[in-house]
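Descriptive analysis of the structure
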Amino acid sequence: MLNLEKLSKTYGTGDQALTDVTLEIPDGQVMGLIGPSGAGKSTLIRCINRLVEPTSGRVILNEVEIQTVGSRELRKQRRHMGMIFQEYALVERLSVMENVLSGRLGYVGFWSSYFRRFPQKAVDEAFRLLERVGLDHMVDKRADELSGGQRQRVGIARALLQDPTILLVDEPTASLDPKTSRQIMRLICELCAERNLSAIINIHDVALAQMFVQRIVGLQEGQVVYDGSPDQMSPDVLTQIYGEEDWEATIETVDDEDEDDSDTTT
Amino acid sequence: MISNPALRYGLLLGTLIYLYFAVGSYDVNWSRVYEGLDRGWKFIAAFSHPDFSTRWTDISEGLWESVIMTVTSTVAGIAISIPIALGAASNLAPKPVYLLCRGIIAVSRALHEIIVAILMVAIFGFGPLAGFITLSFATIGFLAKLLAEDIEDMDRTQAEAIKATGAGWLQWINYGVQPQVMPRLIGLSIYRFDINFRESAVLGLVGAGGVGATLNTAFDRYEFDTAAAIIIAIIVIVMALEYTSSIVRARVQ
């Protein structure tokens, strides 16, 4: 369970990115966070794991108040929050396996990670996860040899190896083609269901969000302006979030048809 | 070009007066130049018959000393440069550390090797120790500065992703930063090895050890054929290093 209480962030430049955001995300819920560019979506999820320090307000994850913990405890808490990025953010010159195992860095000491000696259990789990995301044949490839969809799968495996209770997902499909986007979204949501993970997914594509998530929160200029189920999204709601536009065509135009689930190009 | 005629001719006249006094202030001894030409020609001619054998012990000892100085000072210099480079990267270090490390780099870059060498010879006496310290010191200014700039240019999101996993600071450097800057670090190290060898040949002239000392002695004794042999040896080694470094750099992309 993740609670945000009156979370605010003002950047040093004076930009007010978040204003009094209060949200509750129960275990196992996948929440889509939509809103125009600059609405504070990225800031919001980075405030949760303190990659960005919030100015005021509280973040409470499983009854631990993240804002007040010291750096050692913060390291421990970050293990519970798996993060998935827009541009995948894999370390390009490391192998797929090293990238996945880096999800375990919060659990091992410096020297064992330096010599790449991870516990056998972690290595086994890494192989299992790579198999689950369909990349078990790519273990020794360097991350920069992979296609976009494959990279994002490695990013997902890395986040899951942390054994998190929540996933913070920042625009997972923004750099992918429409078909791969759906496959990635489906994979994330399936994995959340399998492991009873909650997730906050920043996403631009409203139709895609409606297809997969259980709850949608609309953010505008740092404030929550919509919080409800995907079915209740209406042109009025989108106008409220994004501004005046013809929204009829955007909502629920895509059906979730079955497609084959392998985008492995090699 | 200059429309005002008074200014135009004034400048011309000024230039002529300046040149007259400038040339006049040089005391050129033409008969000395004439003798010197002869000696210069002898030196160049010595390259047609370099003498490796007469002073071979001195030459080989000098070269060996230079090589040792180069290897040790490059290794020590790199070892010291890496932490300083981390401190001098504005995206990693807090402001006071950043300023301190940039300060060290600035001092190292401001002082030329020869000046440092003269100072080190004064402190540690003649010999390769002074040269070793000089070259290590000079390596810091070069390597730490360029490495710090590469760290500042790195892709932030890769490092951010490692931080988000709960990695500690050293793990973050090892996984998020090091892989991104490694090719540059290797390239710079090899290049600096190259420079250090050439510098080690010069440092001998001020008494800081290496083959430069042997070269200096050969000149003092007017043994131009030995001097030519030493210079040829230096050129061959530098070319070999150049070739090796191009191979290594091509392989670490």
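For the structure, check the block above.
So, here's what we can say about the structure. For clarity, every value in this text was computed on a predicted model and none was experimentally measured. Counting of residues starts from 1 at the beginning of each chain's written sequence and follows it residue by residue. Whichever chain is written first is A, and whichever ligand is written first is 1; the rest continue in order. Note on the predicted model: pLDDT of at least 70 is required for a residue's local features to be given, and 80 or more for side-chain atom pairs to be given and counted; whole-chain, interface and lining totals, by contrast, use all residues. The basis for the side-chain values is all heavy atoms of the structure; hydrogens and waters are excluded.

Looking at the overall build of chain B
- Each helix is a run of DSSP H or I of at least 4 residues and each strand a run of E of at least 2, with the numbering of both proceeding from the N terminus. Of regular secondary structure, chain B possesses 10 helices and 0 strands.
- Secondary structure elements of chain B occur, N-terminal to C-terminal, as α-α-α-α-α-α-α-α-α-α.
- A compact globule built from 253 residues would reach a C-alpha radius of gyration of about 18 Å, whereas chain B, at 25 Å, exceeds it by more than 25%.
- Seen through its C-alpha atoms, chain B measures out along the principal axes to roughly 80 × 70 × 40 Å.
- Only protein chains enter the accessibility calculation, which uses a 1.4 Å probe; a residue is then buried when its area is under 20% of its type maximum, exposed when over 50%, and partly exposed in between. Out of the 253 residues belonging to chain B, those deemed buried represent 43%.
- It only takes one pair of heavy atoms within 4.5 Å for two residues to be counted as in contact. Considering only contacts in chain B between residues 6 or more positions apart, those separated by 24 or more positions represent 76%.
- Residue burial considers only the protein chains on display, and all accessible areas are found by Shrake-Rupley using a 1.4 Å probe. Carbon and sulfur atoms provide 69% of the accessible area of chain B, an area that totals close to 14,000 Å². Computation of the radius of gyration draws on C-alpha atoms, with the globule rule given as 2.2 Å multiplied by the number of residues to the power 0.38.

Here we look at the packing of aromatic side chains
- We call Phe, Tyr and Trp rings a pair once their centres come within 6.5 Å, taking the six-membered ring for Trp, and we label the pair stacked below 30 degrees between planes, edge-to-face above 60, and tilted otherwise. Per the stated rule, a full pass over the model turns up 12 aromatic pairs over all chains.
- Measuring from ring centre to ring centre gives 4.9 Å for Phe 110 of chain A and Trp 111 of chain A, while their planes differ by 70 degrees; the resulting arrangement is edge-to-face.
- Where Phe 142 of chain B meets Tyr 191 of chain B, the ring centres are 5.7 Å apart and the plane angle is 55 degrees; that geometry is what we call tilted. Of this pair, Phe 142 of chain B sits in helix α6 (residues 128–152) while Tyr 191 of chain B is found in helix α8 (residues 169–203), placing the two residues 49 residues apart along the sequence.
- Its relative accessible area of 14% is what places Phe 142 of chain B among the buried residues.

Side note on the pairing of strand β4 (residues 56–61) of chain A
All names here are of chain A.
- A pair of strands counts as paired when DSSP detects no fewer than two bridges linking them. Alignment of strand β1 (residues 2–10) against β4, held across 5 bridges, turns out to be antiparallel. Within the sheet, the bridge partner assigned to Ser 8 lies in β4 and is Ser 56.
- Hairpin connection, β4 to strand β5 (residues 64–65): the antiparallel pair is bridged by 2 residues, and Asn 62 has positive phi, about 45 degrees.

Regarding the interface of chain A and chain B
- On the chain B side, the residues contacting the 30 residues of chain A number 19 residues.
- When two parts are brought into contact, each loses some accessible area as probed by a 1.4 Å sphere; the total of that loss over both is the buried area. Buried area between chain A and chain B, summed over both chains or domains, comes out near 2,100 Å², and the portion from carbon and sulfur atoms is 59%.
- One side-chain nitrogen of Lys or Arg within 4 Å of one carboxyl oxygen of Asp or Glu is enough to make a salt bridge. At the junction of chain A and chain B, the tally comes to 1 salt bridge.
- The salt bridge partner of Glu 160 of chain B is Arg 46 of chain A, with a shortest N-O separation of 2.9 Å.
- Whenever two N or O atoms come within 3.5 Å, that pair is a polar contact, provided that in protein one can donate a hydrogen and the other can accept it, and provided that, for residues adjacent in sequence, both atoms are side-chain atoms. Taken together, the links from chain A to chain B amount to 13 residue pairs in polar contact (both at pLDDT 80 or more).
- Elements represented by at least two residues in the side of chain A that touches chain B include exactly α2 (71–79), β6 (81–84) and α4 (110–114) of chain A.
- Classifying every residue of the side of chain A that touches chain B by side-chain character gives 13 nonpolar, 7 polar and 10 charged. Under the scheme applied here, ten amino acids are nonpolar (Ala, Val, Leu, Ile, Met, Phe, Trp, Tyr, Cys and Pro), four are charged (Asp, Glu, Lys and Arg), and all others, including Gly, are polar.

With respect to helix α9 (residues 235–242) of chain A
All names here are of chain A.
- Every buried residue belonging to α9 is among Val 237, Leu 238 and Ile 241, and all of these are buried. In a view along the axis of α9, the buried residues occupy a sector of 95 degrees, so they form one face of it.
- In this fold, the buried residues of α9 make contact with β3 (30–34), α8 (206–212), β9 (215–220) and β10 (223–228).
- Downstream of α9 by a residue or two, Gly 243 has a phi angle that is positive, lying close to 105 degrees. Arc definition: it is the arc formed by the directions from the helix axis to the C-beta atoms.

Focus: the sheet that holds β10 of chain A
All names here are of chain A.
- Read across the open sheet, the 6 strands follow the order β6-β7-β8-β3-β9-β10; overall the sheet is mixed. Sheet topology places β6 and β10 at the edges, where each strand pairs with a single neighbour. Across the sheet, the mean angle separating the axes of adjacent strands is 20 degrees when strand polarity is ignored.
- Helix axes use the C-alpha atoms of the stretch in contact, all axes being lines fitted to C-alpha atoms, and the angles between their N-to-C directions lie in the range 0 to 180 degrees. Taken strand by strand, helix α1 (residues 41–48) contacts β3, β6, β7 (166–170), β8 (198–202) and β9, and its axis lies near 150 degrees from that of β7.

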